[in-house]
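So the chains spell out like this:
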Amino acid sequence: MTDFTEQIRLYEPHRRQPRIAAIGGGHGLSAMLRGLKAYTRDITAIVTVADDGGGSGMLREDLGMLPPGDIRNCIIALSQVEPVMERLMQYRFPEGTLQGQCLGNLLLVATSDISGGFLEGIRTLDDVLAVTGQVLPVSLENLSLNGIMSGGQLVQGESSLGRAQADVGGRIHRVWLEPGGAQPLPEVLEAIRQADIIVIGPGSLYTSLLPNLLIDGVSSAIKRSGAIKFYVANIMTQPGETQGYTLQDHLKAIWDHCGKGLIDIALVNRSGKIPEDILAHYIEDGAEIVAYDAQRVKADGIELVEADLAEYKKGRIRHQSDLLALKIMDLYSKRRRK
């Protein structure tokens, strides 16, 4: 393992590094990027712009800009800055008119203004923070995420969908973006086309992953790509959004919305390793381990890979950045040698 890690971390200018397109949003995507940036400088984070909650939602409503929160987290994850700068970027004002707002979001507002646009502002901040690769919004259009529940109830807005099971009951049946026909950023399609590795997830199924895949042309570009395509499964279900979901339920939701052909390998955490006291806390909140049936996954033409990918901090379960990235690169290297 050590020899392999040293081998793929070694930067050799005469050899082309693997091109990675990572698709998602939320904390899961940014955590994975922290690990992946050790292995390549050619990485593109493709980020949802459907967020309408929290500080991002406030700026979206007040200024009419695209939500900056997930993009900010990805920029920080791919940056090469001192820890104090990262803490500044994540600083939230505790009181006053800016209460709850994040300094990094405000910096992105400022760079967008002085640079002449949201995409230009992202690139400016990329340069300031010495970002490895690039961070791209999946689209520059102002989009709303809506859905319909299994009982027929309409749910409007990303933040509402994130708690729909708790507020409305049943399961989310289908989600869509409004207005329809939104176009992806051309650079997004180019990053997918050139990728050696495409990673979908980890992240919220309906509110982080599908809003990217539903943009016109994105799913079809992934299907056409010759890259190795990973789906990184969430470790735990999300109360309000995917309560009671198995891995097969997650995959079926993607297929129902986008068709098959987007995933070669499903990467899952080895569930038996979670400490019982931490697991009990999640169960009390209505979350549970994302269960999976290995034979059913394989029957659907997907390679299932189990690995120890989790870390436990302050009573929470998260993907460990280095372990996840190493596993992805290990699988890529083995497949490439076949």
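Since we're looking at a predicted model, the values are computed, not measured.

*Asks:* Tell me what's going on with unusual backbone geometry, and back it up with residues and numbers.
*Replies:* In this structure, Pro 179 follows Glu 178 across a cis peptide bond, with omega equal to -5°. Positionally, Pro 179 belongs in the loop between strand 6 (172-178) and helix 10 (186-194). Following Gly 201, the chain continues to Pro 202 via a peptide bond in cis, the omega torsion being -5°. Relative to the assigned elements, Pro 202 resides in the loop between strand 7 (197-200) and helix 11 (205-213). One non-glycine residue, Lys 314, lies in the positive phi region at around 55°. Its place among the elements puts Lys 314 in the loop between strand 11 (310-313) and strand 12 (316-319). For Lys 314, a relative accessible area of 87% puts it in the exposed group.

*Asks:* Give me the lowdown on the side chain of Thr 44, citing residues and values where you can.
*Replies:* Its location among the elements puts Thr 44 in strand 2 (residues 43-47). Among the polar contacts listed, one links the side chain of Thr 44 to the side chain of Gln 134, at a separation of 3.0 Å. Excluding residues within four positions of it along the chain, Thr 44 makes contact with Ile 20, Ala 21, Ala 22, Gln 134, Leu 136 and Ala 191.

*Asks:* Outline the pattern of salt bridges, supporting the account with residue identities and numerical values.
*Replies:* Applying the stated criterion across every chain, the model contains 12 salt bridges. The partner of Arg 19 in a salt bridge is Asp 42, and the shortest N-O contact between them spans 3.4 Å. Residue Arg 19 is found in the loop between helix 1 (2-9) and strand 1 (20-24), and its partner Asp 42 is found in the loop between helix 2 (26-36) and strand 2; the two are separated by 23 residues along the sequence. Under the relative-accessibility criterion, Arg 19 is labelled partly exposed at 25%. By relative accessible area, which is 33% here, Asp 42 ends up partly exposed. Across the pair Arg 163 and Asp 167 runs a salt bridge whose closest N-O atoms are separated by 2.9 Å. Residue Arg 163 is classed as partly exposed on the basis of its relative accessible area of 41%. The class for Asp 167 is exposed, based on a relative accessible area of 54%.

*Asks:* Describe the sheet that holds strand 7, listing the residues and the values that go with them.
*Replies:* Pairing within the open sheet is parallel, and its 7 strands lie in the order 3-2-1-7-8-9-10. With partners counted over all chains shown, the strands left at the sheet margins are strand 3 (134-137) and strand 10 (303-307), one partner each. Neighbour to neighbour, the strand axes of the sheet diverge by 20° on average, direction disregarded. Bridging between strand 7 and strand 8 (residues 228-232) involves 4 bridges; their strand directions are parallel. Each bridged residue has a counterpart across the sheet, and for Ile 200 the counterpart in strand 8 is Tyr 231. Where helix 13 (residues 247-258) meets the sheet, it contacts strand 8, strand 9 (265-269) and strand 10, and its direction lies at approximately 125° from that of strand 8.

*Asks:* Give me the lowdown on the confidence of the model for the protein, citing residues and values where you can.
*Replies:* Looking at the protein, the pLDDT average stands at 90 and 94% of residues meet or exceed 70. Confidence drops under pLDDT 50 across residues 1-6; counting only partners more than four residues distant or on other chains, this segment forms 7 contacts.

So, how was this worked out
Residues numbered from 1 in each chain as written. Predicted model: local features only at pLDDT ≥ 70, side-chain atom pairs only at ≥ 80, totals over all residues. Heavy atoms only, no water. Helix = DSSP H or I, 4+ residues; strand = E, 2+ residues; numbered from the N terminus. Buried < 20%, exposed > 50% of the residue type's maximum accessible area, 1.4 Å probe, protein only. Polar contact = N/O pair within 3.5 Å; in protein donor to acceptor, adjacent residues only side chain to side chain. Contact = heavy atoms within 4.5 Å. Salt bridge = Lys/Arg side-chain N within 4 Å of Asp/Glu carboxyl O. Pairing = 2+ DSSP bridges. Axes fitted to C-alpha atoms, helices over the stretch in contact; angles between N-to-C directions. pLDDT = per-residue confidence, 0-100.

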